[in-house]
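A closer look at the structure
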Amino acid sequence: MLLELQGIKKYFPLKQRWGGKPSEVLKAVDNVDLTVAEGQSLGLVGESGSGKTTLGRIILKLIPFDAGRIVFEGQDITPFKGKQMRQVRKQLQMVFQDPYSSLDPRFRVFQLLDEAMLFEKEMKLADKEIFFSGLLKDVGLSADVLNRFPHEFSGGERQRIAIARALVVKPKLLILDEAVSSLDVIIQSQIIDLLLTLQKKFNLTYIFISHNLKVVKRISRRVGVIYKGKIVELAKTDELFNNPLHAYTKELLAAAIEYKPLSIRPTIALDGEFNFVDQGQEHFVLKSLGH
Amino acid sequence: MTRNTEHVSEFQLALRSFKKNRLAVCCAMILFIFYAGAIFADFLSPYSYRNEDRNYSYCPPTPVRFFDEGKWVGPYIYGQTLTFNEFYRRVYQTDTTRRFPVRLFVQGDEYKLLGLIPSRLHLVGVQEGARLYLIGADSRGRDLWSRILYGAQISLSIGLIGVLISFSIGLIVGGVAGFYGGWIDNVLMRLCEMVMMVPGFYLLLALRAAVPDDFNSVQIYFAIVVILSFIGWAGLARIIRGMCLSLREREYVLAAKSLGLSDFKIILRHILPHTVSYSIAAVMLSIPGYILGESALSLIGLGIQDPYASWGNLLSDNMSIVRIKFAPWILWPGVFIFLTVISFNIIGDTLRDCLDPMMKAERK
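Residues numbered from 1 in each chain as written. Chains lettered and ligands numbered in written order. Predicted model: local features only at pLDDT ≥ 70, side-chain atom pairs only at ≥ 80, totals over all residues. Heavy atoms only, no water.

Details of the environment of Val168 of chain A
Residue and element names in this part refer to chain A. Let me state the cut-off plainly: Segments assigned H or I by DSSP are reported as helices when at least four residues long, segments assigned E as strands when at least two residues long, and all are numbered from the N terminus. When a residue's accessible area, from a 1.4 Å probe over protein chains only, is under 20% of the maximum for its type it is buried; when over 50% it is exposed; and in between it is partly exposed. Contact between two residues is taken to exist if any of their heavy atoms lie within 4.5 Å; hydrogens are not considered.
For Val168, the position within the fold is in the loop between helix H5 (155-167) and strand E7 (173-177). Judged by its relative accessible area of 5%, Val168 is buried. Along the primary structure Val168 and Leu113 are separated by 55 residues, whereas in three dimensions their C-alpha atoms are 6.9 Å apart. Excluding residues that lie within four positions of it along the chain, Val168 makes contacts with Leu113, Ala116, Met117, Phe131, Phe132 and Leu135.

Things to note about the pairing of strand E6 (residues 92-95) of chain A
All names here are of chain A. Definition in use: Paired strands, in this sense, are two strands between which DSSP finds at least two bridges.
Side chains of E6 alternate between two faces, with Leu92 and Met94 and Gln93 and Val95 buried alike. Examined bridge by bridge, E6 and E7 share four bridges and lie parallel to one another. When the bridges of E7 are listed, Val95 appears paired with Leu176.

A look at empty space enclosed by the protein
Counted only if it meets this: As defined here, a cavity is a set of points on a 1 Å grid over the protein atoms alone where a 1.4 Å probe fits but cannot get out. A pocket is an open set with protein on both sides within 12 Å along at least five of seven lines, and residues line them when an atom is within 4 Å of a point. Grid points are joined across faces, edges and corners, and a volume is the space filled by probe spheres set on the points. Throughout, the ten residues Ala, Val, Leu, Ile, Met, Phe, Trp, Tyr, Cys and Pro are labelled nonpolar, Asp, Glu, Lys and Arg are labelled charged, and all others, Gly among them, are labelled polar.
Applying the stated criterion across every chain, the model contains one cavity of 30 Å³ or more. When its volume is computed, the largest cavity comes out at roughly 30 Å³. Only E6 and H5 of chain A together with helix H8 (251-259) of chain B provide two or more residues apiece to the lining of the largest cavity. Of the residues assigned to the lining of the largest cavity, the class counts are six nonpolar, two polar and one charged.

What about the nonpolar core?
Spelled out, the test is: Nonpolar cores are built from buried Ala, Val, Leu, Ile, Met, Phe, Trp, Tyr and Cys residues. Side-chain atoms within 4.5 Å join them into one set.
Core analysis: the biggest nonpolar cluster contains 120 residues, and Ile163 of chain A together with Trp311 of chain B have the highest contact counts within it. Looking at this core, the element that brings in the most residues is helix H7 (residues 217-247) of chain B, giving 11 residues. Setting aside chain neighbours within four positions, we find Ile163 of chain A in contact with Val95, Val139, Ile191, Leu194, Leu195 and Leu198 of chain A. Ile58, Leu60, Phe72 and Ile231 of chain A belong to the second largest nonpolar core, which has 34 residues in total.

Examining the packing of aromatic side chains
Residues and elements named next belong to chain A. What counts is decided by this rule: The criterion for an aromatic pair is that two Phe, Tyr or Trp rings (for Trp, the six-membered ring) have centres within 6.5 Å, with stacked assigned to planes under 30 degrees apart, edge-to-face to planes over 60 apart and tilted to the rest.
Enumeration over the complete set of coordinates arrives at 19 aromatic pairs over all chains. Relative to Phe132, the ring of Phe110 lies with its centre 5.3 Å away and its plane at 70°, an arrangement referred to as edge-to-face. A residue pair is termed long-range when its members are at least 10 positions apart, and Phe110 in helix H3 (residues 109-115) and Phe132 in helix H4 (residues 125-138) qualify at 22 residues. Overall, Phe132 belongs to the buried group, its relative accessible area being 0%.

Focus: the interface of chain B and chain A
Our working rule: Once two parts are put together, the accessible area they lose, assessed with a 1.4 Å probe and summed over both, is termed the buried area. Throughout this description, the term salt bridge denotes a Lys or Arg side-chain nitrogen within 4 Å of a carboxyl oxygen of Asp or Glu. The definition of a polar contact used here is a pair of N or O atoms within 3.5 Å, where within protein one atom must be able to donate a hydrogen and the other to accept one, and adjacent residues in sequence count solely through side-chain atom pairs.
Between chain B and chain A, the residue contacts involve 25 residues of the former and 35 residues of the latter. Summing the contributions of chain B and of chain A, the shared interface buries around 2,900 Å²; its carbon and sulfur component is 53%. Where chain B packs against chain A, one counts two salt bridges. The salt bridge involving Glu115 of chain A is made with Arg269 of chain B; its shortest N-O contact spans 2.8 Å. Connecting chain B to chain A are nine residue pairs in polar contact (both at pLDDT 80 or more). Listed by contribution, the elements that provide at least two residues to the side of chain B that touches chain A are helix H1 (10-19), H8 and helix H9 (263-271) of chain B. Sort the elements by how many residues they give to the side of chain B that touches chain A and H8 of chain B lands first, with seven residues. For the side of chain B that touches chain A, the per-class residue count stands at eight nonpolar, 10 polar and seven charged.

As structure tokens, then:
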């Protein structure tokens, strides 16, 4: 396994007294176990606020979490800090949702890419330029963009630059946090094609976080459904879309096809004890122990 | 995909729109001239700041003349003779029989240009026997014009150095507080509030009182700079902190983090540069505060001491209305302070508008 998450928890305090324990918490990520094999792509779907972005940021340890372990390439990276963590981040990269804010507007493309070259200080400028040009070609941009500023590009081009930046360090795992959500449909499919090509070329592993089922279906081999911070169902893509077992998954698939007013939507409670049950064929569903 | 061949940053765009504002460019030129004057004060001034002649106390300006009875004879001045009237008050009379040519590049008082090259060369001067007072003399017969030039060295540099120190502190404190948040933020901000709580001028006086009064002029100069910076940093730190709180949530900060940049580098590269548009304007708008602060201290005799000149202590002569009536030219340092302060303010305002087009639109 390339990546293993064990019992990850992240609670945000909602009300907090001075020095005391928070009286109310938001369970953004609640006891999540997940494994990702090398070369695979895992889709994570869920509605806004379900904790999927938080989970993505936790994997990179961009935000602290309350409990659980992250094992990357058989190495427990949970206690890693500072320099050690920076070494691991070479392997773990992220592409963000909004290409308008994920590229610092003050930096030229060359500087943006160069920033990722932290570990290759002795590389010469000319070599860097050749390397970057190749990388930009891989993401479908010409080399003459190196001298430009982000504000000169369209959304799709910016996202390509963001992908190129994430690839500079030659990572193994790429977390794509709503990476195509802010783009229009045509550009979306272009970027997805690009991602699929790149996956083959660099043997990348993707964790694809999105609320867009169509996109997730296209890119992932396995899909996990997140609801209220918990993974409620996890199965192979076809299996999940053809045979949804959890009430929330059904709800989500139905909502993707047809718009339903909120009043009809049932609230699915997630209180009490649960167990992750294998339904056969690697199809896991969260089931209440009460029943 | 190629649109235009020229790729300019947002800062360069701002600079272009700054150049379109004539008033601001004018002010920038005034300041440039002032600072150039300060740097080359030794060469530009006819006399040294301590070259005195008590026989010429409050001597009026000696106008430079070019024509004699309608004939061009080159620049010259007339000598002045000192007499006393019936109230034993000094009266200077122009002695048209003694004529002294004004020469360029003359040998005069010794100095070291830029503190390095020893020289005696002055831009203008007259020979012994008369004194060239372009705008008049002070109580000890020192040339006011020379003293204003020398005073500019102190008054103008205090603003720059003071701003440099207090902005470094303010940026780092505000950046750290805003980036980390939590208890670090709490401690640093309470500290800022403690400094801001005390009214500025009283804090200035209190801090000045805490400095030993047997300091020499260099020590006093640095004491004043430190005191002024100590008062100035808190306000900026608070504003920078607020901006950093919002900036740290930007995705490029997360992206930088995931690339493995250290916190310090992220603050330096991705957070503080985005406060520049505010900071540059704030720097320009706060320099006058330092110049005025130094002037205020020197005016009441707590700053730069005689014989050293600063615009503030030159103005302290004006504390008596009788002297202003008798020698109105001693008001000149005030004109220079006024021009400097208003220039910095106009440049600051314009820069703020240029660097932050959104804010400009909001205000309209």
